[in-house]
Amino acid sequence: MKKSILYILLIFTILFISCNCESSKKLKDYVIYDGVLYCYLGEDTTVEIPSYYYQDGKKTKITKISERAFSDTCVKNVILGRYIEIIDDYAFYDSDITSIKLNKNVKSIGEKAFYNIGIKFLNGDNNDLSKCINLENIDTYAFGNGIEGLILPEGIDCISLLSDSRTIVPSYCNVYKNGFYIGTKDNPYEYLAGFSSYEDFYLHKDAKKIYDECPNEIIIEENANYKKVNGSIYEVSNNKLVYAEFEDNTELVLDETVKIIGTLSYNGFDVNERYKSITIPDNVETLEKRIINMAGFGMKAFVDKVFIGKNVKEIHPETFNNIFVNEYIVSDDNTYYKSIDGVIYSKDGKVLIKAPDLREGEELTIIDGCEKINDYALIYNRYETINFPDTLVEVGDYAVAYSHNLKKINQKTPLKKLGEGSFLGGLFEKVELDNSIKILPKGVFYLCSKLHDINLPNELVFISANALDSIDCKSIYLPDSVEYIMRRGIVVVDSTVTIGANVRFIHNEQFGYNSKIIISNENKNYYVDNNMVYQKKDEWWI
């Protein structure tokens, strides 16, 4: 009896060890950190992405596939791990993927995620995504030139699968054909994407969805979901403005029932004209992403003042990204936001929401008590100097990006949290970071061509793509805590880069022209010979 028990225990032990070895082998083919899969390093043509990995001894779910994680790999067939929720922009871009099996937990598929590849099959040969019940967003050109007979879940905004052309979308649209036609299962050619060669746009009486960039010429007949009042178009159920025309530099008069200003709903702006003001009326509660629709990529209108009414309680970080503004003025009666010197803050002053863009060469002093600069809050600003209060510890995604006049940042305390592209393109020379920071996000100091004084945190583990790309540091010393350096994470010219003992992965696009590389002799993964970096295991140089 005892022998039988011992045999059983031995068998379970062998199975446990073999399973863990297999799992370990799979995990070694990936670069994963904080639940994000950044890179596939293996040579298999069929891969099943793990559901878990171990970080700091803890079993952690893998929830996201990062940008270009599978680009330039030999993988042809992919099965997603059960907890993947986000497939980032360009995740499988320019790869050899022909089939992929998604899971029911996927929520978002990013821009050009499967672009420029030969993908033919999603979830089997029927291309049916209807069981992906949590799928909320499929971004522009996600599937490149299209997948034959793609069936989407109910409620998905499938228009973004096409281009940014003006298109009328019925709610039951779940067939996508070659990037041009959309419609019902029974008749996939019932609705044609709106091209400029067509003068009339009819909205089907049962349609429940109009794409954000709605044409003014749309004809609404017997549709209970939309109405047209004085040339403006509204979504009835949500009291949402879908289309309005801003003419002759005069204020828009909106329906008094409107609660939401929709994406790209304000039309008629001329890039060559300066507008006196835009007023968000008191009945409005929500401002969606990019409410101003400019004709032409990258075009922006100039507006002196934006007045925000007393009931606005939600401003998207990108609400005003399509215009340059000189002053924001929030109603004194608003209980969610306030304005000080033309800058929008949360009512408690802890978050800077949006600052003016048109104050050429001026100095911005952020109010005491502010703890965070929100995503996109100072993007494209023209300040020369920004003064941070001693309470400021966080800078969001692209919060101070493309600040091409910004020559100086005055800090009183180190920053504790950074976002993607937080300071992209700034001309300042110095920034101070808190030692508790473990990740330098993607592009956080990309193209900061004057930045020569930066302390790398003692606890830094992960240097993301383009994080220190094209900065001016003549000497970069990585603390021993650093383990990962992703694509173009460090690109400097005429510099010395010293790498510690614990670096486990260095992407092969790295370091820049005429730079000297030094790697600790204690590093078990890489070494330098004649200023070329080699991986010890496989003896290939980067």
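The structure presented is a predicted model; accordingly, all values stated were derived computationally and were not measured. (Residues numbered from 1 in each chain as written. Predicted model: local features only at pLDDT ≥ 70, side-chain atom pairs only at ≥ 80, totals over all residues. Heavy atoms only, no water.)

## Thoughts on the overall build of the chain
Phase 1 of the analysis: Assigned secondary structure in the chain consists of one helix and 53 strands.
Phase 2 of the analysis: Long-range contacts, defined as pairs at least 24 residues apart, comprise 32% of the intrachain contacts of the chain with a sequence gap of at least 6.
Phase 3 of the analysis: When the accessible surface of the chain is split by element, carbon and sulfur atoms take 46% of a total near 26300 Å². (Helix = DSSP H or I, 4+ residues; strand = E, 2+ residues; numbered from the N terminus. Contact = heavy atoms within 4.5 Å. Areas by Shrake-Rupley, 256 points an atom, 1.4 Å probe, with all protein chains shown as cover.)

## Topic: the sheet that holds strand β28 (residues 301–308)
Phase 1 of the analysis: Taken in spatial order, the three strands of this open sheet run β26-β28-β30, and their pairing is parallel. For this open sheet the edge positions go to β26 (274–280) and β30 (323–330), each flanked by a neighbour on one side alone. The sheet shows a mean angle of 20° between the axes of neighbouring strands, taken without regard to direction. (Pairing = 2+ DSSP bridges. Axes fitted to C-alpha atoms, helices over the stretch in contact; angles between N-to-C directions.)

## A few points about the environment of Val444
Phase 1 of the analysis: Inspection of the secondary structure assignment puts Val444 in the loop between β41 (439–440) and β42 (453–454).
Phase 2 of the analysis: Aside from chain neighbours lying at most four places away, what touches Val444 is Leu418, Gly419, Gly421, Ser422, Phe423, Leu424, Asn466 and Ala467.

## Re the environment of Gly421
Phase 1 of the analysis: By the secondary structure assignment, Gly421 is in the loop between β39 (417–418) and β40 (430–431).
Phase 2 of the analysis: The class for Gly421 is buried, based on a relative accessible area of 0%.
Phase 3 of the analysis: Sequence separation between Gly421 and Val400 is 21 residues; the distance between their C-alpha atoms is 8.2 Å.
Phase 4 of the analysis: Once residues within four sequence positions are removed from consideration, Gly421 is found in contact with Tyr398, Ala401, Lys442, Gly443 and Val444. (Buried < 20%, exposed > 50% of the residue type's maximum accessible area, 1.4 Å probe, protein only.)

## A look at the environment of Ala355
Phase 1 of the analysis: By the secondary structure assignment, Ala355 is in the loop between β33 (351–354) and β34 (363–365).
Phase 2 of the analysis: Of the residues examined, Ala355 reaches a relative accessible area of 1% and is grouped as buried.
Phase 3 of the analysis: Remark: the alpha-carbon pair of Ala355 and Val343, spanning 12 residues in sequence, is separated by 4.5 Å.
Phase 4 of the analysis: Those residues in contact with Ala355 that sit more than four places away from it in its chain are Tyr328, Val343, Ala377, Leu378 and Tyr383.

## Observations regarding unusual backbone geometry
Phase 1 of the analysis: In this model, Asp94 sits at a positive phi of 55°, which is unusual for a non-glycine residue.
Phase 2 of the analysis: Counting through the fold element by element, Asp94 comes out in the loop between β8 (86–87) and β9 (99–101).
Phase 3 of the analysis: Residue Tyr376 is not a glycine yet carries a positive backbone phi of 65°.
Phase 4 of the analysis: Checked against the element boundaries, Tyr376 lands in the loop between β35 (372–373) and β36 (385–387).

## A word on empty space enclosed by the protein
Phase 1 of the analysis: Applying the stated rule across the entire model yields two cavities of 30 Å³ or more.
Phase 2 of the analysis: Here the second largest cavity is characterised by a volume of approximately 40 Å³.
Phase 3 of the analysis: Lys300, Phe320, Asn321, Ile323, Phe324, Lys354, Asp357, Ile379 and Tyr380 together form the lining of the second largest cavity. (1 Å grid on protein atoms, 1.4 Å probe; cavity = no way out; pocket = protein on both sides within 12 Å on 5 of 7 lines; lining within 4 Å. Points joined across faces, edges and corners; volume = space filled by probe spheres on them.)

## Quick notes on the nonpolar core
Phase 1 of the analysis: Among the nonpolar cores identified, the biggest contains 65 residues, and Ile373, Phe423, Phe445 and Ile499 are the most heavily contacted of them.
Phase 2 of the analysis: Elements that contribute at least two residues to this core include exactly β1 (30–33), β2 (36–40), β32 (343–346), β43 (462–463), β46 (484–485), β48 (496–499), β49 (505–506) and β50 (516–519).
Phase 3 of the analysis: The element that contributes the greatest number of residues to this core is β2, accounting for three residues.
Phase 4 of the analysis: Apart from residues lying up to four places away in sequence, Ile373 is in contact with Leu352, Ile366, Leu378, Phe388, Leu392, Glu394, Val395, Gly396, Ala399 and Val400.
Phase 5 of the analysis: If you look at the next biggest cluster of nonpolar residues, it comprises 33 residues, including Leu37, Ala91, Leu129 and Phe143. (Core = buried A, V, L, I, M, F, W, Y, C linked by side-chain atoms within 4.5 Å.)

## Concerning the pattern of salt bridges
Phase 1 of the analysis: As enumerated under the stated definition, the model contains 17 salt bridges in all.
Phase 2 of the analysis: A salt bridge links Lys107 to Glu85; its shortest N-O distance comes to 3.9 Å. One end of the pair, Lys107, is in the loop between β9 and β10 (108–109); the other, Glu85, is in the loop between β7 (77–79) and β8, with 22 residues separating them in the sequence.
Phase 3 of the analysis: Residue classification places Lys107 among the partly exposed positions, given a relative accessible area of 34%.
Phase 4 of the analysis: Residue Glu85 is classed as partly exposed on the basis of its relative accessible area of 29%.
Phase 5 of the analysis: Here Glu420 and Lys442 are joined by a salt bridge, their closest N and O atoms 3.8 Å apart. Here Glu420, found in the loop between β39 and β40, pairs with Lys442, found in the loop between β41 and β42; they are 22 residues apart in sequence, far enough to count as distant.
Phase 6 of the analysis: Salt bridges linked by common partners bring Glu67, Glu420 and Lys442 together as one network. (Salt bridge = Lys/Arg side-chain N within 4 Å of Asp/Glu carboxyl O.)

## Details of the sheet that holds β36
Phase 1 of the analysis: Spatially, three strands are ordered β34-β36-β38 in an open sheet, and the strand pairing comes out parallel. Each edge of the sheet is formed by a strand with only one pairing partner; in this case those strands are β34 and β38 (408–410). Taken over all neighbouring pairs, the strand axes of this sheet differ in orientation by 10° on average, direction set aside.
Phase 2 of the analysis: Where β34 and β36 come together, three bridges link them in parallel fashion. Bridge pairing in β36 links Leu364 to Ile386.

## Some points on the confidence of the model for the chain
Phase 1 of the analysis: On average, residues of the chain score 81 in pLDDT, and 77% of them are at 70 or above.
Phase 2 of the analysis: Per-residue pLDDT stays below 50 along residues 8–25; that stretch engages in zero contacts with residues further than four places along the chain or on separate chains. (pLDDT = per-residue confidence, 0-100.)

## Describing the packing of aromatic side chains
Phase 1 of the analysis: Within the structure shown, the criterion is met by 18 aromatic pairs.
Phase 2 of the analysis: On the numbers, 5.9 Å between centres and 20° between planes, the contact of Tyr376 with Tyr398 is stacked. Of this pair, Tyr376 sits in the loop between β35 and β36 while Tyr398 sits in the loop between β37 (394–395) and β38, placing them 22 residues apart in sequence.
Phase 3 of the analysis: Note on Tyr527 and Tyr534: the rings are 5.4 Å apart at their centroids and 15° apart in plane angle, and the pair reads as stacked.
Phase 4 of the analysis: Look at Tyr527 and you get partly exposed, because its relative accessible area is 25%.
Phase 5 of the analysis: Through successive ring pairs, a cluster of aromatic residues spans Tyr30, Tyr40, Phe70, Phe92 and Phe114.
Phase 6 of the analysis: The ring centre of Tyr83 lies 4.5 Å from the NZ or CZ of Lys61, which sits over that ring.
Phase 7 of the analysis: Residue placement shows Arg382 over the ring face of Phe324; its charged tip is 5.0 Å from the ring centre. (Phe/Tyr/Trp six-rings, centres within 6.5 Å; stacked < 30°, edge-to-face > 60°. Lys NZ or Arg CZ within 6 Å of the ring centre and 35° of its normal.)

## Digging into the side chain of Ser265
Phase 1 of the analysis: Note that Ser265 resides in the loop between β24 (260–261) and β25 (266–267).
Phase 2 of the analysis: A relative accessible area of 0% places Ser265 in the buried class.
Phase 3 of the analysis: Within the local environment of Ser265, its side chain forms a polar contact with the backbone oxygen of Gly262, the two atoms lying 2.7 Å apart. (Polar contact = N/O pair within 3.5 Å; in protein donor to acceptor, adjacent residues only side chain to side chain.)

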